[in-house]
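Here is what each chain is made of, one letter per residue.
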Amino acid sequence: GNVVSVQGEVPREAGTLEIRRGTVITQCKMTGGTPYICGEVRTVIDKGLFFTGQEMGALVAEALHELTEKRKAYSERSVYSYVAPDKVPDRKEQPKVTVSVLRESQLSEELFALAPEVLYIPIEQIKSPDGIIKKFIQSPVISVCAVLPKVMRDGELAEIAQMMKNISDWGIDQVCVSNISHIVFARRCGFKVRGDIGLGVSNSESLSIYEKLGLSSAVLSPELRLDQIGAMSKPMDTEIVGYGRLPLMYTDNCIIKNSSGFCPCDSLETITDPNGMAYPVSGGFGCRSTVYSAKKLFIGDKQEDYEPLGLWGIRLIFTSERPGECAKLTAGFMGKGNYEPTFYTRGVYYRDIE
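Let us look at the structure shown here. (Residues numbered from 1 in each chain as written. Predicted model: local features only at pLDDT ≥ 70, side-chain atom pairs only at ≥ 80, totals over all residues. Heavy atoms only, no water.)

**Quick word on the side chain of Ser-204**
Now for step 1: Tracing the backbone shows Ser-204 in helix α7 (residues 204–213).
Now for step 2: Exposure remark for Ser-204: the relative accessible area of 15% places this residue in the buried category.
Now for step 3: For Ser-204, the side chain forms a polar contact with the main-chain nitrogen of Ser-233, separated by 2.8 Å.
Now for step 4: Filtering out sequence-adjacent residues up to four positions away, Ser-204 remains in contact with Pro-85, Met-232 and Ser-233. (Helix = DSSP H or I, 4+ residues; strand = E, 2+ residues; numbered from the N terminus. Buried < 20%, exposed > 50% of the residue type's maximum accessible area, 1.4 Å probe, protein only. Polar contact = N/O pair within 3.5 Å; in protein donor to acceptor, adjacent residues only side chain to side chain. Contact = heavy atoms within 4.5 Å.)

Below is the structure:
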């Protein structure tokens, strides 16, 4: 919306050369070294006139300088009073147990018998409607939710859309996203959409907006304290992470392949810091890597703290766990066992955010 006007010397009477429209366009588009790009040039040039390209270039430079000076001025800002959203009554029932796996091989008959509310599994792991995944898909009490890649480049959308069509044909009607831009993409493909950790939902306003955008549920940020979670208004189904390694970093390149020469897309490798802490690294769609925390988050023995928070679900994230351990931990959160992991942390649920 910024407009500037500059004026140069009166053109001279042309001799053998006349100023041409092409010369003006060329000079106007010479904006290299500036933050500007010339999108369109309109000219009105009388016949029999002449001025040099250098003179035209000086006019362009002056116009860009004037435009920069104008853009330095602060625009008038609108000030509004904040109106907090209406408080939605909290759920009274206990939160459902949802399960997230990294590999189809982590599924088992024992986990199926426990019937978690939702099974989250990467879409690239659902390679066919057969095998153990078939039982989960056909279950009348378990919802299978395909987790879309955190990054989807334009050139990859056709492949992902085909995978989504495949799982739709096999009976899966919902996906989980970590990127706000993926919500519209998933809904256009006809899927119910759930929100993952990557959305960073940390307040009631965000929940309200995501609910309007079409999410049916969302994971709250693990950087919130339990008392903050309890104070939030929850206009849609919300869940928190009750167990698992949290994703710390997502890399566009496969960091294991870059260092060792082989691709770990179907396995779980580790990297170690100078203190000897081991961080699991998983490969995924597009040969990208996710680095997970060394310690596992665990609040399975704190039901009295998280059950009154008005949550819809408590999510268990399984990365390096074997099938038997996945089932034991799920049973524990359902009150059917007391299995606890070793070497775990409470995260920030019980302390201030630093």
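**Some points on the pattern of salt bridges**
Now for step 1: Per the counting criterion, the structure on display carries 17 salt bridges.
Now for step 2: In this structure, Glu-55 engages Arg-12 in a salt bridge whose closest nitrogen and oxygen atoms are separated by 3.2 Å. Of this pair, Glu-55 sits in helix α2 (residues 53–72) while Arg-12 sits in strand β1 (residues 12–13), and the two are 43 residues apart along the sequence.
Now for step 3: We classify Glu-55 as partly exposed; its relative accessible area is 29%.
Now for step 4: For Arg-12, a relative accessible area of 38% puts it in the partly exposed group.
Now for step 5: Note that Glu-69 is salt-bridged to Lys-72, the shortest N-O span being 3.1 Å. Here Glu-69 and its partner Lys-72 are both found in helix α2, three residues apart, which amounts to about one turn of the helix.
Now for step 6: When its relative accessible area of 55% is taken as the criterion, Lys-72 is described as exposed. (Salt bridge = Lys/Arg side-chain N within 4 Å of Asp/Glu carboxyl O.)

**A word on the nonpolar core**
Now for step 1: Counting residues in hydrophobic clusters, the biggest one holds 61 residues, and the most contacted among them are Leu-119, Leu-148, Met-164, Val-175, Leu-220, Ile-229 and Ile-240.
Now for step 2: With four residues, the single largest contributor to this core is helix α5 (residues 157–169).
Now for step 3: Of all hydrophobic cores here, the second largest spans eleven residues; its members include Tyr-36, Val-41, Phe-51 and Leu-64. (Core = buried A, V, L, I, M, F, W, Y, C linked by side-chain atoms within 4.5 Å.)

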